Amino acid sequence: MHNHLTRRGLFKGLASAAAYAAVGNLPGLASPPQDAKAAPQNAIAPAAALKRLTEGNARYASNQPNIKDYSAGRAARAQAQYPVAAILSCADSRVAPELAFDQGPGDLFVVRVAGNYFNPDNLASLEYAVEVLNAPLIMVLGHTNCGAVNAVVKDLKKHEPLPGHIYLLVDALRPGIESALKAGGDPVEANVRHNVERLRRAQPVLQQRLTQKKIDIVGGVYDLASGHVRLL
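Residues numbered from 1 in each chain as written. Predicted model: local features only at pLDDT ≥ 70, side-chain atom pairs only at ≥ 80, totals over all residues. Heavy atoms only, no water.

Secondary structure summary: the protein contains nine helices and five strands in total. The linear arrangement of helices and strands in the protein, starting from the amino end, is α-α-α-β-α-β-α-β-α-α-α-α-β-β. The buried share of the protein, taken over its 232 residues, is 39%. Of all intrachain contacts in the protein linking residues separated by at least 6 positions in sequence, the fraction that spans at least 24 positions is 70%. (Helix = DSSP H or I, 4+ residues; strand = E, 2+ residues; numbered from the N terminus. Buried < 20%, exposed > 50% of the residue type's maximum accessible area, 1.4 Å probe, protein only. Contact = heavy atoms within 4.5 Å.)

Rendered as structure tokens:
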């Protein structure tokens, strides 16, 4: 009986530790555990974080990714996370930010929504990434042949009823695309730029961190055919 209670207590303790790790270092709570002898991997300048992503993408596009042991560090990652960047990515199944930037588990904080656009929910997630997890970089990542963007283009040219709630997606993306189409611009690129600017103006967290030069917010377009990410 004593051993049974001890094991049960151990499992409860592990569950509590996992719950603690999930909230990380929210205001009023202690910081998540880390190796006191080494700075966390995201204690770097925004430019250094961007360099890490661009170098990783070059490896991925040339089919020379770093060999990774995904089991390594699993126990440590259960205690805390230190992402080097937050990615606002499209939900397209062909876009995998961790692969595209040759990063491992715990390296990227990825927020995904069809059309990679700004809304209150993903803004809150990105604020969490930079304010609580100290990610020094946010990238809005669009991609070629984006179905969400194509739906907006089609709707602007010939308005037709859309099934279910897809119209909400089209309505959200339209402001960043419509003017670009009239000017003959690329709608995917225009959508990325539009949402980068919206994030850069987002108060209070992102704008404040930008002013303090603690983060940068950039845009990129992932080419499905080549694997290259083109920075905007």
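Next, the rest of the story.
This next bit is on the nonpolar core. Grouped together as the largest cluster of nonpolar side chains are 38 residues, with contacts concentrated most on Ile-138, Leu-199, Leu-206 and Ile-217. Looking at which element gives the most residues to this core, the answer is helix 5 (residues 120–132), with six residues. Residue contacts for Ile-138: discarding those within four places in its chain leaves Ala-86, Leu-126, Val-130, Leu-199, Leu-206, Asp-216, Ile-217 and Val-218. Residues Leu-53, Val-95, Leu-137 and Met-139 belong to the second largest nonpolar core, which totals 16 residues. (Core = buried A, V, L, I, M, F, W, Y, C linked by side-chain atoms within 4.5 Å.)

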